[in-house]
Amino acid sequence: AEVGGWSGPLILKGDGRNGGSADLVMGYEDIAPGQAIAPHRHQMADEILFVHQGTGVVEVDARVVPFSPGATIYVPKHVRVTLRNTGAGPVSIAFVFSKPGFEEYLRDTSVPEGQPVTPLSTDERRTIRARHKWHTLYEQP
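A short tour of the structure in this document, coming up.

### Some points on the pairing of strand S4 (residues 36-42)
Then, in step 1: Judged from the three bridges that link them, S4 and strand S9 (residues 81-85) form a sheet pairing that is antiparallel. Bridge pairing in S9 places His40 opposite Val81.
Then, in step 2: Bridge count for S4 against strand S12 (residues 136-138) is three bridges, and the pairing is antiparallel. Considered in S12, the bridge of His42 is made with Thr136.

### Some points on the layout of surface pockets
Then, in step 1: For the largest pocket, the calculated volume is near 150 Å³.
Then, in step 2: For the lining of the largest pocket, the elements supplying multiple residues, two or more each, are strand S6 (56-60), strand S7 (63-67) and strand S8 (72-75).
Then, in step 3: Partitioned by chemical class, the residues of the lining of the largest pocket number eight nonpolar, one polar and one charged.

### Topic: the environment of Val64
Then, in step 1: By the element assignment, Val64 lies in strand S7.
Then, in step 2: A relative accessible area of 53% places Val64 in the exposed class.
Then, in step 3: Along the sequence, Val64 and Val81 sit 17 residues apart, while their C-alpha atoms lie 9.8 Å from each other.
Then, in step 4: Beyond its immediate sequence surroundings of up to four residues, Val64 is in contact with Val57, Val58 and Glu59.

What counts, and at which threshold
Residues numbered from 1 in each chain as written. Predicted model: local features only at pLDDT ≥ 70, side-chain atom pairs only at ≥ 80, totals over all residues. Heavy atoms only, no water. Pairing = 2+ DSSP bridges. Helix = DSSP H or I, 4+ residues; strand = E, 2+ residues; numbered from the N terminus. 1 Å grid on protein atoms, 1.4 Å probe; cavity = no way out; pocket = protein on both sides within 12 Å on 5 of 7 lines; lining within 4 Å. Points joined across faces, edges and corners; volume = space filled by probe spheres on them. Nonpolar A, V, L, I, M, F, W, Y, C, P; charged D, E, K, R; others polar. Buried < 20%, exposed > 50% of the residue type's maximum accessible area, 1.4 Å probe, protein only. Contact = heavy atoms within 4.5 Å.

And the structure:
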């Protein structure tokens, strides 16, 4: 699925519906220069981010750390995370979750790959985030 709204294309690579894993969720995302992943916390799963390309800054709890290609970022459940692209090109990351759940939020905020992206309104995004707060809590609904 491609996500519209906060960054660039996001592709789910493996989960219960795609690849058959009952436990793991894996995807790939491009974050455009100047864009960020909004501050949030995952309630049910740990996350690992692998930076394939690009540079930026990640905040994990109170730690603020610059990153470059090859960085691996571990985010325990219940810990605040936000990531910002501070470079001139895209940041490409692979992400893996230890338990399913977040992929359903991604499906609710996306369109199938290759389909036109219609941005969600603030109210639509707020409603979707409220429905998925059991898994992921965003600082801004």
